[in-house]
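# Structural characterization, general
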Amino acid sequence: MRFAKWQVFGESNPDLARCQLLQKILRSTYPTQPEKIITNSIGMDLVLIPKGTFTMGSPPSEEDSEVDERQHEVTLSQDYYLGRHEVTQAQYEKVMGTIRGFL
């Protein structure tokens, strides 16, 4: 049975796992730059992700890699901020004005 990468990481939330994976990739791409962190109006820590180019995907030698995971170059044309931690229920409610329901 093939598991999604976020399942392999032991995460129950694929969006969180993707963000954590992106942070890890970008940290390895920009290892010499200090982390620039800001805090927004509702207390969320945001980390600056600088523009630049990096290689994303699985190397051909990785066992069980799929065609859609091939390595390719990605260019970020603008700096942006990414949440340092997952969004809490309280933060979601402050921004969205409602409580997100779960099944």
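Residues numbered from 1 in each chain as written. Predicted model: local features only at pLDDT ≥ 70, side-chain atom pairs only at ≥ 80, totals over all residues. Heavy atoms only, no water.

## Some remarks on the overall build of the chain
A count of helices and strands for the chain gives 3 helices and 5 strands. Helices and strands in the chain line up, N terminus first, as α-α-β-β-β-β-β-α. Out of the 103 residues in the chain, the part that is buried amounts to 18%. When contacts within the chain are restricted to residue pairs at least 6 apart in sequence, those whose partners lie at least 24 apart make up 50%. (Helix = DSSP H or I, 4+ residues; strand = E, 2+ residues; numbered from the N terminus. Buried < 20%, exposed > 50% of the residue type's maximum accessible area, 1.4 Å probe, protein only. Contact = heavy atoms within 4.5 Å.)

## Here we look at the sheet that holds strand E5 (residues 80–83)
In spatial order, the strands read E1-E2-E5; together these 3 strands make up an open sheet with antiparallel pairing. The outermost strands of the open sheet, each flanked by one partner alone, are strand E1 (37–39) and E5. Strand after strand, the sheet turns through a mean of 40° between neighbouring axes, direction not considered. Pairing analysis gives 4 bridges linking strand E2 (residues 45–49) to E5, with the strands arranged antiparallel. Within E5, the residue paired with Leu46 across the bridge is Gly83. (Pairing = 2+ DSSP bridges. Axes fitted to C-alpha atoms, helices over the stretch in contact; angles between N-to-C directions.)

## Digging into the environment of Gly52
Here Gly52 shows up in strand E3 (residues 52–56). Along the backbone, Gly52 and Ser77 are 25 residues apart, and their C-alpha atoms lie at a distance of 6.7 Å.

## With respect to unusual backbone geometry
Peptide bonds are, in most cases, trans, and in most cases residues other than glycine have a negative phi. Within the chain, Asp64 stands out as a residue other than glycine whose phi angle is a positive 65°. Among the structural elements, Asp64 can be located in the loop between E3 and strand E4 (72–76).

## Some details on the environment of Asp79
Along the polypeptide, Asp79 turns up in the loop between E4 and E5. Sequence separation of Asp79 and Ile49 is 30 residues, and the distance between their C-alpha atoms is 5.6 Å. Beyond its immediate chain neighbours, meaning those up to four positions away, Asp79 contacts Leu48, Ile49, Pro50 and Lys51. Polar side-chain contacts of Asp79 include one of 2.5 Å to the backbone nitrogen of Lys51. (Polar contact = N/O pair within 3.5 Å; in protein donor to acceptor, adjacent residues only side chain to side chain.)

## Re the confidence of the model for the chain
When pLDDT is averaged along the chain, the result is 77; 70% of the residues meet or exceed 70. When pLDDT is averaged over each element of the chain, E4 comes out on top at 91 and helix H1 (residues 5–8) at the bottom at 43. Every residue in residues 1–11 is under pLDDT 50, and counting partners more than four places away or in other chains gives 17 contacts. (pLDDT = per-residue confidence, 0-100.)

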